[in-house]
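# Structural overview
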Amino acid sequence: MHLSEQELQRRKERENLLELNIEPYPSALFEVNVTTEEIKENFDSNPENFKEISIAGRMMSRRIMGSASFAEIQDEKGRIQFYVRRDDICPEEDKTLYNTVFKKLLDIGDIIGLKGFVFKTQVGEISIHVTDLKLLSKSLKPLPIVKQTEDEEGNVKTHDAFTDPELRYRQRYVDLIVNPEVRKTFIQRTQLVNSIRGFLADRGYLEVETPVLQPLYGGAAARPFKTHHNTLDMTLYLRIANELYLKRLIVGGYDGVFEFAKDFRNEGMSRFHNPEFTQVELYVAYKDYNWMMDLVEEMIEKAALDLHGTTKVQVGENVIDFKRPWKRYTMFEAIEHFTGIDISSMDEPELREVCKKLNVPVDETMGKGKLIDEIFGEQCEPLLIQPTYITDYPVEMSPLAKRHREKEGLVERFEAICNGKEICNAFSELNDPIDQRKRFEEQLELGKRGDDEAMVLDEDFLRALEYGMPPTAGLGVGIDRLAMIMTNSPSIQDVIFFPQMKAKKKPQYASEKDYVALGVRAELVPILQKIGLVTIEQLKQANPNKLFNDVCGMRKKMKLKEVKNPDLEEVKNWLV
RNA sequence: GAUUCGAUAGCUCAGCUGGUAGAGCAUCUCCCUUUUAAGGAGAGGGUCCUGGGUUCGAGCCCCAGUCGAAUCACCA
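If you're wondering where the values come from, they're calculated on a predicted model, not measured in any experiment. Throughout, residues of each chain are indexed from 1 in the direction in which the sequence is written. Whichever chain is written first becomes A and whichever ligand is written first becomes 1, with later ones labelled in order. Selection of residues for local features in this predicted model requires a pLDDT of at least 70, selection of side-chain atom pairs for listing and counting requires 80 or more, and totals for whole chains, interfaces and linings are taken over all residues. Side-chain numbers come from the whole structure's heavy atoms, not from hydrogens or water.

### As for unusual backbone geometry
For the bond from Arg-324 to Pro-325, the omega torsion is -15 degrees, close enough to zero to count as cis. Where helices and strands are cited, they refer to DSSP runs of H or I of at least four residues and of E of at least two residues respectively, numbered from the N terminus. Tracing the sequence through the fold places Pro-325 in the loop between strand S15 (318-321) and strand S16 (327-330).

Next comes the structure, spelled out in structure tokens:
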């Protein structure tokens, strides 16, 4: 393993601490009685409450000025400056704790505990005057240092921001340490979930859990992840939705059930798609989709209020207002509104004409429903910024929704569109088992025609319906998409702690033993690694003359005076 | 999957027409006081993503690859 100079330095510091009988990773708890936030908010009004504080966190900056120093400590809530004076933390003769430990053996990134009192500096910054300092955990890897300054107008300017998306997502822990707004985003995501959970629980609906591993995948149209159970020797799928299980529970007699579900779809990735994502699904008996629209409006409006204290949320360049009531269009109305074309009574050839005219891409396999959906998706959806309900979808696209009570060829379904994207999907659930079987069979036909996202027939679910499911309204809300909007995040990766990333290929690093087995002296191993020959295969392919040169050159460069250079014969022997 | 762009010090980035690898921050040494991106003096730190090629000479040009980003496509 290659270590940078700074990493080696810190490992050395760790050793030095041990030699001073200072445990770099102590086990005892450290009593914390205040947070940075509490100090900053309350010190001015109640300074006497902060005479004996104890706080822990990560040291994020340090400015040493001889026998006194300023540094910053960061806890979960924020940062605060602290002031350390040598003679405060070392009242006796022995000044090691300040001169050696604080100044030399501590680094930015170390986790420390402080005791002391709060005061204000001459410049007016609330700070902690430290009387006792304890190392709680030594950090061996240097952090990217992000500095922020404020100009006279109070604009915060960030220097050397840690922005590389790859590193931020692969090492989210670093992102969270140095980019405080990231921590805030995820707190808001949790607040959003809590708000919705509370809203639904207050209405008496039951939060449940249903299988993630399913023998048949259903409830949505998507390609699944496939896996295998060894003991049962059977194929299982990671769920693409939990809809059919929640409906079974409605059959079983619960009148309202919901689940925050991780779903998995084996499809493309984009800033709106992660292979695993979160939905909350809700089913309520004896209700219909009109009732559900009212509920969703209320629920999301409340979530906005809980997070922001207002129904207005800044998203990119737009301000989105979740205040009830939201605009409602039928799908046909929306298409007519945005294109001027009334397609409500068109047949398939006429729809194809319209697509051509509007430059909507189509292909042969698309039926009437898909064509309508395509027109909507191309011409309307991206233009819907404020929360808007689109209702009454073509039946072909909605095999689990109930036929419309009045309109032929449509189902009682709605989606809420916001910022140009779907945030929820709901319908009056189809509970006629005969019709449901027919719809599944139509899906099977689509599957035979090559649609690899067509639904599969679930006999057990049909059996449940045959026992009788009450009329039910069902809902699915994409939590990630909603979180993106509520936190003003442009990418789904910004609201998922550990978004899926392509695996990094790691070469099989050879160990010292592997080199020695070839006759390489152990002291030469670091040289070979430094040259870049980290696998035996690479070493074997090296040109002996060049290798000999490189080794001697690198030895000099690394200033390994005590290491004896190999001769050419010796190098050649490694490669035999 | 397609197109475009990118990869240089721990971090953020510069690097001219192909000619000895640079800055700021971070790190190390020295001075230092309630400082404000504290300051001053000095030092160390590089597989210029990988592999080929062109060339007397490649961070830079060419080819292939890896990884990433953006846009598009797919995702009812």
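What follows picks up the thread again.
### Points about the protein's contact with RNA strand B
Near RNA strand B lie 50 residues; those nearest to it are Gln-81, Glu-267, His-273, Asp-373 and Met-397. The sugar-phosphate portion of RNA strand B accounts for 54% of its atoms within 4 Å of the protein, the bases making up the rest. Gln-122 is positioned such that a nitrogen or oxygen atom in its side chain is 3.0 Å from a sugar or linking oxygen of RNA strand B. Listing elements by their share of the surface near RNA strand B, those giving two or more residues are helix H1 (5-19), strand S1 (53-65), strand S2 (68-75), strand S3 (78-85), strand S6 (147-150), helix H5 (165-170) and helix H12 (368-379). The near set for a molecule or strand comprises every residue that places at least one heavy atom within 4 Å of it. Any pair of N or O atoms that falls within 3.5 Å is considered a polar contact. Within protein, one atom must be able to donate a hydrogen and the other to accept it, and sequence-neighbouring residues count only if both atoms are side-chain atoms.

### Looking at the sheet that holds strand S5 (residues 126-137)
At least two DSSP bridges between two strands are required for those strands to pair. Here we have 5 strands rolled up into a closed barrel, ordered S1-S2-S3-S5-S4, and mixed in their pairing. Neighbour-to-neighbour, the strand axes of the sheet open up by a mean angle of 50 degrees, direction not taken into account. Bridge count between S1 and S2: 7 bridges; the pairing is antiparallel. Along S2, the bridge assignment pairs Arg-58 with Gln-74. Throughout, an axis means a line fitted to C-alpha atoms (over the contacting stretch in the case of helices), and angles, computed between N-to-C directions, take values from 0 to 180 degrees.

### Quick notes on the packing of helix H7 (residues 180-202) against helix H9 (residues 289-308)
Relative to each other, H7 and H9 sit at 140 degrees, their axes nearing to 9 Å. Taken together, the axis directions place H7 and H9 in an arrangement best described as oblique. Regarding H7 and H9, the two cross each other, and that crossing is right-handed. For the pair H7 and H9, contact is made by Gln-188, Gln-191, Leu-192, Ser-195, Ile-196, Phe-199 and Leu-200 and by Leu-295, Glu-298, Met-299, Lys-302, Ala-303, Asp-306, Leu-307 and His-308, respectively. Angle categories: roughly parallel below 35 degrees, roughly antiparallel above 145, roughly perpendicular from 65 to 115, and oblique for all the rest. Definitions for this section: a left-handed crossing has its near helix turned counterclockwise from the far helix by less than a right angle. A right-handed crossing has that turn clockwise. Here a residue-residue contact requires only that any non-hydrogen atoms of the pair lie within 4.5 Å.

### Some words on the nonpolar core
The criterion is simple. A nonpolar core is a set of buried Ala, Val, Leu, Ile, Met, Phe, Trp, Tyr and Cys residues joined through side-chain atoms within 4.5 Å. Think of it in three bands: with a 1.4 Å probe and only protein chains considered, a residue is buried below 20% of the maximum accessible area for its type, exposed above 50%, and partly exposed in between. Among the nonpolar cores identified, the biggest contains 46 residues, and Phe-322, Leu-475 and Met-486 are the most heavily contacted of them. It is H9 that provides the largest number of residues to this core, a total of 10 residues. Contact partners of Leu-475, with chain neighbours within four places excluded, come to Val-280, Glu-281, Leu-282, Met-292, Leu-295, Val-296, Met-299, Cys-424, Asn-425, Ala-426 and Glu-429. Ranked by size, the runner-up nonpolar core spans 43 residues in total, among them Tyr-283, Leu-384, Ala-401 and Val-411.

### A short note on the side chain of Arg-172
Within the secondary structure layout, Arg-172 lies in helix H6 (residues 172-178). Of the residues examined, Arg-172 reaches a relative accessible area of 0% and is grouped as buried. A distance of 2.6 Å separates the side chain of Arg-172 from the backbone oxygen of Gln-493, its partner in a polar contact. Apart from residues lying up to four places away in sequence, Arg-172 is in contact with Leu-167, Val-182, Phe-186, Gln-493, Asp-494, Ile-496, Phe-497, Phe-498 and Pro-499.

### A word on the pairing of S1
Taken together, the 6 bridges between S1 and strand S4 (residues 111-120) define a ladder with antiparallel strand orientation. Within the sheet, the bridge partner assigned to Ile-55 lies in S4 and is Leu-114. The loop that links S1 with its antiparallel partner S2 comprises 2 residues; one of these, Gly-66, has a positive phi angle of about 65 degrees.

### Let's talk about H1
Helix span is expected to be 1.5 Å times the residue number reduced by one. The terminal C-alpha atoms of H1 lie 21 Å apart, and with 15 residues this matches the ideal 21 Å at 1.5 Å per residue to within 8%. All buried positions along H1 are accounted for by Glu-7, Arg-10, Glu-13 and Leu-17. In a view along the axis of H1, the buried residues occupy a sector of 110 degrees, so they form one face of it. For H1, exposure combined with an orientation more than 90 degrees from the buried face picks out Glu-5, Lys-12 and Glu-19. For H1, the secondary structure elements touched by its buried residues are helix H4 (96-105) and S5. Looking one or two residues past H1, Asn-21 carries a phi angle of roughly 65 degrees, positive in sign. The directions from the helix axis to the C-beta atoms form the arc being described.

### Description of the pairing of strand S14 (residues 312-315)
Across the two faces of S14 the burial differs, with Val-313 and Val-315 buried and Lys-312 and Gln-314 not buried at all. Across 4 bridges, S14 lies against S15 in antiparallel orientation. Each bridged residue has a counterpart across the sheet, and for Val-315 the counterpart in S15 is Asn-318. In textbook terms, the turn of a hairpin is the stretch between consecutive antiparallel strands, and for S14 and S15 this stretch comprises 2 residues, one of which, Gly-316, has a positive phi near 55 degrees.

### Some words on the UniProt feature "binding site: Mg(2+) 1" (unreviewed entry) in chain A
Sites flagged by UniProt as "binding site: Mg(2+) 1" (unreviewed entry) map to Glu-415 and Glu-422. Its place among the elements puts Glu-415 in strand S18 (residues 410-418). By relative accessible area, which is 6% here, Glu-415 ends up buried. With residues near it in sequence (within four places) discarded, Glu-415 still touches Glu-381, Thr-388, Tyr-389, Ile-390, Tyr-393, Glu-422, Cys-424 and Asn-425. For Glu-422, a relative accessible area of 28% puts it in the partly exposed group. Apart from the residues lying within four places of it in its own chain, the contact partners of Glu-422 are Glu-381, Glu-415, Ala-416, Ile-417 and Arg-481. UniProt positions are given in the numbering used here, feature names are shortened, and annotations may be inferred rather than shown by experiment.

### Some thoughts on the pattern of salt bridges
One side-chain nitrogen of Lys or Arg within 4 Å of one carboxyl oxygen of Asp or Glu is enough to make a salt bridge. Scanning the model with the defined rule gives 40 salt bridges in all. Between Lys-120 and Asp-44 there is a salt bridge, with the nearest N and O atoms lying 3.0 Å from each other. One end of the pair, Lys-120, is in strand S4; the other, Asp-44, is in the loop between helix H2 (36-42) and S1, and 76 residues separate them in sequence. Between Lys-247 and Glu-243 there is a salt bridge, and its shortest N-O distance comes to 2.9 Å. Taken together, the residues Lys-247 and Glu-243, both in helix H8 (residues 243-251) and 4 residues apart, mark about one turn of the helix. For Lys-247, a relative accessible area of 0% puts it in the buried group. Here the salt bridges do not stand alone but share partners, grouping Arg-10, Glu-13, Asp-107, Asp-110 and Lys-138 into one network.

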